[in-house]
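# A closer look at the structure
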Amino acid sequence: MTEKKEKLTVEKILQQKKIFDKKLNTPYFCQILDCEIDIEEHSISKVSAIINKEYDDPMRADLELIYAFCSIFRSKKLQEELGVEDPIDTVELSLGHNITEINALVKHILARYGLGEDKIQKIKKQ
């Protein structure tokens, strides 16, 4: 005998959306800066465009993703104070060239979109 499954309703979708919204609005706690970094929400097409773009340096994709999703790194004042020519370099300098912290922040951002490392590789191959 098969178990009867619950039907999807508008109420169920709206209830789940509240849960998603709460999860999506979780900032990232940065260990090396000892503070939270706010993460913006963007469309899945923006995420896909960044991770599918061809880069000469694989780290560039991570830095661009962080730059796009964390408005603090787009601060003109910060960029001027750091003396960067390329605004994307703000991310690396702000995070002390710490690859572990950069990777952790990228994983936090991508997890919001249901992407783990295995799924990212699958998307890149498409």
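Residues numbered from 1 in each chain as written. Predicted model: local features only at pLDDT ≥ 70, side-chain atom pairs only at ≥ 80, totals over all residues. Heavy atoms only, no water.

When you go through the protein chain residue by residue, the secondary structure sums to seven helices and two strands. Here the protein chain holds 126 residues, and the buried ones make up 29% of them. Sequence separation of 24 or more characterises 60% of the internal contacts of the protein chain that already satisfy a separation of 6 or more. Accessible surface for the protein chain amounts to roughly 9200 Å². Of this, 54% is attributable to carbon and sulfur atoms. (Helix = DSSP H or I, 4+ residues; strand = E, 2+ residues; numbered from the N terminus. Buried < 20%, exposed > 50% of the residue type's maximum accessible area, 1.4 Å probe, protein only. Contact = heavy atoms within 4.5 Å. Areas by Shrake-Rupley, 256 points an atom, 1.4 Å probe, with all protein chains shown as cover.)

So, about the environment of K76. For K76, the location among the structural elements is in helix α4 (residues 76-82). K76 gets classed as exposed once you look at its relative accessible area, which sits at 56%.

Moving on: the packing of aromatic side chains. With the rule as written, the count across this model stands at one aromatic pair. Consider the rings of F69 and Y113, whose centres lie 5.9 Å apart with planes at 80°: the pair is edge-to-face. With F69 in helix α3 (residues 58-69) and Y113 in the loop between α6 (99-111) and α7 (117-125), the pair connects residues that are 44 residues apart, well separated along the chain. Each member of the pair F69 and Y113 is classed as buried. (Phe/Tyr/Trp six-rings, centres within 6.5 Å; stacked < 30°, edge-to-face > 60°.)

Where α3 contacts α6, the two axes come as close as 10 Å, and the packing angle between them is 60°. Between α3 and α6, the angle falls in the class oblique. Every pair of crossing elements has a handedness; the one defined by α3 and α6 is left-handed. Counting all contacts with α3, which are made through M59, D62, L63, L65, I66 and F69, the residues of α6 involved are I99, I102, N103, L105, V106, I109 and L110. Residue classes in the contact of α3 with α6 are distributed as eleven nonpolar, one polar and one charged. (Axes fitted to C-alpha atoms, helices over the stretch in contact; angles between N-to-C directions. Parallel < 35°, antiparallel > 145°, perpendicular 65-115°, else oblique. Left-handed = near helix turned anticlockwise from the far one by under 90°. Nonpolar A, V, L, I, M, F, W, Y, C, P; charged D, E, K, R; others polar.)

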